[in-house]
Amino acid sequence: MTLGKIEFAESDGTYVLKLTGEMRLTLCSSLENFLQAMLNTTGFRSVVIDLSETETIDSTSLGLLAKLSIMAWKKVQLRPVLLSPRHDITRILMSMGFERIFIIVEDSSQQTSDYHDITCDDCSEESTRARVLDAHRVLMSLNENNRKAFSDLVKQLEHCHQHEATGTC
């Protein structure tokens, strides 16, 4: 497996995010910070997520992508595009209900090489835990299967978040 990497390119308000290798919660702080900044850009028009080189993707990363789609819809009333030529990744996306909130394209012929790295600004344990919790709440909101699959995890994370100051988690 290849360590995860997030890159981006932008042209006229259209962003392309390329997720490469293993997409794990350790990259979520970087990804969420970038997504917030991107969506707050005055000229933001659309976003394409390129998963053509994504080897694995965890539920926290999926939750952040779902959150991105929901926020992009609120801002510009367009569903983002997911490029997903790998059948294993596409199967995961479909099982999470992503076909409702993304346009999923299984052809990866639209590619660019002018990417820039996204770096981690706030990767503290507390920040990561909050992002994991938020990402799973978003996934739970997509469909009943997700609600059932992640409800115990979310309850445990909420419990930990509430007791984090006392160290009882």
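Residues numbered from 1 in each chain as written. Predicted model: local features only at pLDDT ≥ 70, side-chain atom pairs only at ≥ 80, totals over all residues. Heavy atoms only, no water.

Engineer: Would you explain the packing of helix 4 (residues 125-142) against helix 5 (residues 144-162) in this entry?
Structural biologist: Pairs of packed helices are described in terms of their axes, by the angle between the two and the distance that separates them. As a packed pair, helix 4 and helix 5 sit with axes 9 Å apart at the nearest point and diverge in direction by 155 degrees. Classed by the angle they form, the pair helix 4 and helix 5 counts as roughly antiparallel. Between helix 4 and helix 5 the crossing geometry is left-handed. Between helix 4, through R129, V132, L133, H136, R137, L139, M140 and L142, and helix 5, the contact on the second element is made entirely by N146, R147, F150, S151, L153, V154, L157, E158 and C160. (Axes fitted to C-alpha atoms, helices over the stretch in contact; angles between N-to-C directions. Helix = DSSP H or I, 4+ residues; strand = E, 2+ residues; numbered from the N terminus. Parallel < 35°, antiparallel > 145°, perpendicular 65-115°, else oblique. Left-handed = near helix turned anticlockwise from the far one by under 90°. Contact = heavy atoms within 4.5 Å.)

Engineer: Sorry, what's going on with empty space enclosed by the protein here?
Structural biologist: Over the atoms rolls a probe the size of a water molecule, and its path tells where empty space is left. Considering all chains together, one arrives at one cavity of 30 Å³ or more under this definition. Considered as a void within the structure, the largest cavity measures approximately 30 Å³ in volume. What lines the largest cavity is simply E32, L35, Q36, L39, L64, K67, L68 and M71. Listing elements by their share of the lining of the largest cavity, those giving two or more residues are helix 1 (28-39) and helix 2 (59-76). (1 Å grid on protein atoms, 1.4 Å probe; cavity = no way out; pocket = protein on both sides within 12 Å on 5 of 7 lines; lining within 4 Å. Points joined across faces, edges and corners; volume = space filled by probe spheres on them.)

Engineer: Explain helix 2 here, please?
Structural biologist: For an α-helix, 3.6 residues make a turn, and residues three or four places apart therefore share a direction. Taking 1.5 Å of rise per residue, 18 residues should cover 26 Å, and helix 2 covers 25 Å from first to last C-alpha, within 8% of that figure. Of all the residues in helix 2, the buried ones are T60, S61, L62, G63, L64, L65, A66, K67, L68, S69 and A72. For helix 2, the secondary structure elements touched by its buried residues are strand 2 (14-23), helix 1, strand 3 (46-50), strand 4 (54-57), helix 3 (87-95) and helix 4. Residue D58 occupies the N-cap position of helix 2, its side-chain oxygen lying 3.3 Å from the main-chain nitrogen of T60. Backbone geometry just downstream of helix 2 places Q77 in the positive-phi region, at approximately 55 degrees. (Expected span 1.5 Å × (residues − 1). Buried < 20%, exposed > 50% of the residue type's maximum accessible area, 1.4 Å probe, protein only. Polar contact = N/O pair within 3.5 Å; in protein donor to acceptor, adjacent residues only side chain to side chain.)

Engineer: Explanation requested: the nonpolar core in the structure shown.
Structural biologist: L17, F34, M38, V47, I49 and F98 are the most contacted members of the largest nonpolar core, which has 42 residues in total. Taken together, the elements giving at least two residues each to this core come down to strand 1 (5-11), strand 2, helix 1, strand 3, helix 2, helix 3, helix 4 and helix 5. Not counting residues up to four positions away in its chain, the partners in contact with F98 are L62, L65, A66, L82, L93, I104, L139 and L142. The next biggest cluster of nonpolar side chains, apart from the first, holds six residues, and it includes V48, V81, L83 and Y115. (Core = buried A, V, L, I, M, F, W, Y, C linked by side-chain atoms within 4.5 Å.)

Nothing here speaks to function; it is geometry throughout.
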